[in-house]
Amino acid sequence: MPDFPSKSIAVVLGTRPEIIKLSEIIKLLGDAAWVIHTGQHYDAKLSGSFFTELGLPEPDVFLSVGGSSRGVQIGDATMRLDGLFADHRPDAVVVQGDTNAVLAGSLAANAREVTLVHIEAGLRSHDRAMPEEHNRVVADHLSDICCAPTQTNVDNLEAEGITGDRVVLTGNTIVEAVHGLLPSASARIALCAEHGVEPGEFVLSTFHRPENVDNPATYRAILEQLAALGVPVVLPLHPRSVKRAEQHGLGGLLSQLKVVEPIGYRDFLGLEAESALLISDSGGVQEEASIVKRPLIVVRNSTERPEVIGTFAERVLPGEDIGTSARAILDDLEAIHERLGNMDSPYGDGTASQQSINAIAQR
Ligand code: UD1
Ligand code: UDP
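Note that the coordinates shown come from a computational prediction; the quantities given were computed from them, not determined experimentally.

Draft legend 1. Up close: the site of ligand 2. In the region of ligand 2, 16 residues are neighbours, and R209, I263, S282, G284 and E288 sit closest. Contact distances for ligand 2 include 2.7 Å between an oxygen atom and a side-chain N or O atom of R209. Separating an oxygen atom of ligand 2 from a backbone N or O atom of G284 is a distance of 2.7 Å. Considered on its own, ligand 2 offers 540 Å² of accessible surface; in the complex 95% of this is hidden by protein.

Pasting the structure below:
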């Protein structure tokens, strides 16, 4: 481990997936990590419980910008980070992914001329309707070190002129997060019983993207397809999706599914590994499918993770294609599970966190 001074590397994060994917980096940095939580996610089930479960110390600073509009979140967090960096100048700022917290951390580092490190750089959906696409493009262009999970991501950066020693191919830090918490086979059996499902005989699903839950007809179409599958569907609902379901009057459809609150990471991974099939619009779940070796239907207009399409995942639009694809997979489940079980994940060997830290040390 390089010898960084105490609290010299600011790690800015704001949401559930950032906590997960930065957990190993924070642990490896130890006393050098200065963890700043923008507060974008503030519910215990999306934030605090993940710090505990992943064995992380409490954030050093919590900025409480959550629940506001995108512009206010980015503006407020940037302003407060600027004040923090003025009082205590870090040697580097680390951000991960494509959320509003990432954009704020990137702008604040750039404004104070602090080395910016972007973990999970170079992903592109080329879908300008997604706020995340704008966040990640800006973060990559401001970054001094882009830690790219795959060669596809390196190529995306090169196509935009981001090359040379600004780019490091690391793999994705999710690999070490999964390996750290995936429960044992026997614990997974108990977990299934807790959720009232049989191992290998249920679908695990998540939805939270505006493109799927903000429009009532789209959200209804997704839930109708899930309810018609004929197998139990466990659906841990993100707070955004809970609110939209209430607004759109979709309670009747939800009652046909096994709706639960957001699940802790260990249990979520356990359920993923024991599921027959995953159906989701999540970014992280696309990567995890390739690690727990389960088939995934990605319900999205686009994806920034083409590496798993055609192997672990297929992408469909909301509507009847969900049911058609799911039934085809469920009808051939044993062979598909066996085929995927023998396939490598494209996201690396579980050393992305260490490689990212090494890249910072070499600056
Ligand atoms: C954000 C990210 C998205 C990421 C997701 C991970 C952006 C633009 N979006 O989406 O890329 O995939 O996090 O889950 O950064 N809410 C709560 N409690 C919370 C957090 C949110 O109730 O702890 C509700 C609030 O009503 C809030 C809404 O969810 O307005 C949306 O939250 P926000 O953080 O803006 O976006 P997400 O949909 O969570
Ligand atoms: N996840 C979890 N509990 C849940 C749902 C998801 O622990 O109830 C984890 C999941 O394993 C993945 C991450 O949360 O690692 C993905 O978060 P989300 O889908 O909110 O964000 P995205 O990855 O789409 O940005």
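Draft legend 2. Examining helix α7 (residues 174-181) more closely. For α7, a buried count of 6 out of 8 residues is recorded, marking the element as mostly surrounded by other parts of the structure. Listing the buried residues of α7 in full gives I174, V175, E176, A177, V178 and L181. Looking at the buried residues of α7, the elements they touch are α1 (16-29), α2 (48-53), α13 (265-274), α14 (283-292) and α17 (352-361).

Draft legend 3. Summary view of the sheet that holds strand β2 (residues 33-37). Read from one edge of the open sheet, 7 strands run β3-β2-β1-β4-β5-β6-β7, paired in parallel fashion. Of all the strands in the sheet, just β3 (61-62) and β7 (167-169) have a single pairing partner and so form its edges. In terms of strand pairing, strand β6 (residues 145-148) meets β7 through 3 bridges, oriented parallel. By the bridge assignment, A148 is partnered in β7 with L169. Taken strand by strand, helix α3 (residues 70-87) contacts β1 (9-13), β2, β3 and β4 (92-96), and its axis lies near 155 degrees from that of β2. On the sheet, α17 packs against β1, β4, β5 (115-119), β6 and β7 and is oriented at approximately 160 degrees with respect to β6.

Draft legend 4. Seen up close, the site of ligand 1. In the vicinity of ligand 1 there are 18 residues, among which H41, Y42, D43, E132 and H208 approach most closely. One of the backbone nitrogen or oxygen atoms of D43 is found 2.8 Å away from an oxygen atom of ligand 1. With respect to ligand 1, the side chain of K243 contributes an N or O atom lying 2.8 Å from an oxygen atom. Here ligand 1 has 740 Å² of accessible area as a free molecule, and 88% of this is covered by the chains. When residues of the shell around ligand 1 are assigned to their parent elements, the largest contribution, 3 residues, is made by helix α11 (residues 239-248).

Draft legend 5. Structural context of the packing of helix α8 (residues 185-194) against α13. The geometry of α8 relative to α13 is characterised by a closest axis approach of 9 Å and an angle of 95 degrees between their N-to-C directions. By the criterion of interaxial angle, the relationship of α8 to α13 is roughly perpendicular. Residue-level contacts link R188, L191 and C192 of α8 to D267, G270, L271, A273 and E274 of α13. Looking at side-chain class alone, the contact of α8 with α13 contains 4 nonpolar, 1 polar and 3 charged residues.

Draft legend 6. How the structure looks around the pattern of salt bridges. Overall, the coordinates contain 21 salt bridges when judged by the stated rule. Across the salt bridge formed by E261 and K45, the nearest N and O atoms sit 3.0 Å from each other. Of the two residues, E261 sits in the loop between β10 (258-260) and α13 while K45 sits in the loop between β2 and α2, which places them 216 residues apart along the sequence. You can call E261 exposed: its relative accessible area is 52%. We classify K45 as partly exposed; its relative accessible area is 39%. Where D76 meets R80, a salt bridge forms, and the shortest distance between an N and an O atom there is 3.5 Å. You can see D76 and its partner R80 sitting in helix α3, 4 residues apart, about one turn around the helix. According to the relative accessible area criterion, D76 is partly exposed, its value standing at 25%.

Here is what the cut-offs are and how they apply
Residues numbered from 1 in each chain as written. Chains lettered and ligands numbered in written order. Predicted model: local features only at pLDDT ≥ 70, side-chain atom pairs only at ≥ 80, totals over all residues. Heavy atoms only, no water. Near = heavy atom within 4 Å. Polar contact = N/O pair within 3.5 Å; in protein donor to acceptor, adjacent residues only side chain to side chain. Areas by Shrake-Rupley, 256 points an atom, 1.4 Å probe, with all protein chains shown as cover. Buried < 20%, exposed > 50% of the residue type's maximum accessible area, 1.4 Å probe, protein only. Helix = DSSP H or I, 4+ residues; strand = E, 2+ residues; numbered from the N terminus. Contact = heavy atoms within 4.5 Å. Pairing = 2+ DSSP bridges. Axes fitted to C-alpha atoms, helices over the stretch in contact; angles between N-to-C directions. Parallel < 35°, antiparallel > 145°, perpendicular 65-115°, else oblique. Nonpolar A, V, L, I, M, F, W, Y, C, P; charged D, E, K, R; others polar. Salt bridge = Lys/Arg side-chain N within 4 Å of Asp/Glu carboxyl O.

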